[in-house]
Amino acid sequence: VRFDHLVIALGQESNLDIVKGLREHAFTIRNLKDAYNIRNHILSCLELADVTKDQALKKRLLNFVVVGGGFSGVETIGEVKEMVDRIINYYPNIQPSELEFSIIEYANGLLPELDKTLGEYTEKVFLKNKINVRCQSRLLEVTGTSVYLNKNITIKTNTIISTIGSTVSNVLS
């Protein structure tokens with residue numbers, strides 16, 4: 001094979017050890033299998049929330065959190081919200097007002113790699129669509145039922161999707 005330039009694209013790998021509990025308790029969204037697992041998890045949350053009498057559990061099950069306000073995080077929270085909004089009518093014991101969606105970003109705005117006006121526009125659209133935007137929020141720890149942020153903020157949830165923690169391939173290390 002003749003060529004002028006050789007490009008070897010090794011992609012990225014996950015480094016979920018950057019936050020305590022992230023590896024053990026968060027979903028990643030790096031490939032189709034991850035998306036499939038998240039979809040099934042969300043359906044399970046909705047099914048259980050529809051039948052449980054435990055209100056604290058129901059609240060946790062209906063609270064969906066995405067960590068990372070870059071391209072992947074913005075797309076993920078938007079897709080999760082759209083999916084849940086489309087199917088919520090099949091769950092008669094869940095009211096749309098019980099659903100909660102949050103995106104957490106360490107920087108002072110969404111899509112920090114783009115022009116600031118695009119991030120501001122995205123935040124405005126998210127808020128209009130009832131997606132909580134938590135910028136300038138540092139993730140301290142993740143458990144199976146909670147996300148802990150700076151400023152003593154705790155979000156109770158059973159669904160944590162991480163789009164942070166990318167690192168270069170081990171081949172380059």
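This one's a predicted model, so the numbers in the text were calculated from it and none came from an experiment.

Draft legend 1. Up close: the sheet that holds strand β8 (residues 153-156). Taken in spatial order, the 3 strands of this open sheet run β6-β7-β8, and their pairing is antiparallel. The strands lining the two open edges of the sheet, one partner per strand, are β6 (139-142) and β8. Here the strands of the sheet are splayed against their neighbours by 20 degrees on average, with no regard to which way each runs. Direction of pairing for strand β7 (residues 146-149) relative to β8: antiparallel, over a ladder of 4 bridges. Residue pairing for β8: Ser146 is matched across the bridge by Lys156.

Draft legend 2. Inspection of the environment of Asp4 at higher detail. Among the secondary structure elements, Asp4 is positioned in the segment before β1 (12-14). C-alpha separation for the pair Asp4 and Thr117, spaced 113 residues apart in sequence, amounts to 40 Å.

Draft legend 3. Spotlight on the pattern of salt bridges. Inspection of every chain in the model, using the stated rule, returns 6 salt bridges. The salt bridge partner of Glu141 is Lys20, with a shortest N-O separation of 3.9 Å. A residue pair is termed long-range when its members are at least 10 positions apart, and Glu141 in strand β6 and Lys20 in the loop between β1 and α1 (22-25) qualify at 121 residues. Relative accessible area serves as the criterion here: at 58%, Lys20 is assigned to the exposed category.

Draft legend 4. The arrangement of the environment of Glu141 in detail. A residue is classified by how much of its surface remains accessible, and Glu141, at 26% relative accessible area, is partly exposed. As a C-alpha pair, Glu141 and Ala9 span 132 residues in sequence and 32 Å in three-dimensional space. Residues within four places of Glu141 in sequence aside, it is in contact with Val19, Lys20, Ser146, Val147 and Tyr148.

Draft legend 5. Region of the structure containing a nonpolar patch on the surface. A contiguous nonpolar patch, built from Val1, Phe3, Leu6, Ile8, Leu10 and Val171 and spanning about 720 Å² of accessible area, is present on the exposed surface. Note that Phe3 resides in the segment before β1.

Draft legend 6. Structural detail: the sheet that holds strand β4 (residues 100-104). As summarised here, the arrangement of the 5 strands in space is β2-β9-β3-β4-β5, forming an open sheet in which the pairing is parallel. The sheet is open, and its two edges are formed by β2 (27-28) and β5 (131-134), each paired on a single side. With 5 bridges connecting them, strand β3 (residues 63-67) and β4 associate as parallel partners. Within β4, the residue paired with Asn63 across the bridge is Glu100. Against the sheet, helix α4 (residues 71-87) touches β3, β4, β5 and β9 (159-162), its axis set at about 175 degrees to β4. Sheet strands touched by helix α5 (residues 116-128): β4 and β5. Its angle to β5, the strand with the most contacts, is close to 140 degrees.

Conventions and cut-offs
Residues numbered from 1 in each chain as written. Predicted model: local features only at pLDDT ≥ 70, side-chain atom pairs only at ≥ 80, totals over all residues. Heavy atoms only, no water. Pairing = 2+ DSSP bridges. Helix = DSSP H or I, 4+ residues; strand = E, 2+ residues; numbered from the N terminus. Axes fitted to C-alpha atoms, helices over the stretch in contact; angles between N-to-C directions. Salt bridge = Lys/Arg side-chain N within 4 Å of Asp/Glu carboxyl O. Buried < 20%, exposed > 50% of the residue type's maximum accessible area, 1.4 Å probe, protein only. Contact = heavy atoms within 4.5 Å. Patch = residues over 30% accessible without salt bridge, like charges linked within 9 Å, V, L, I, M, F, W, Y side chains within 5 Å. Areas by Shrake-Rupley, 256 points an atom, 1.4 Å probe, with all protein chains shown as cover.

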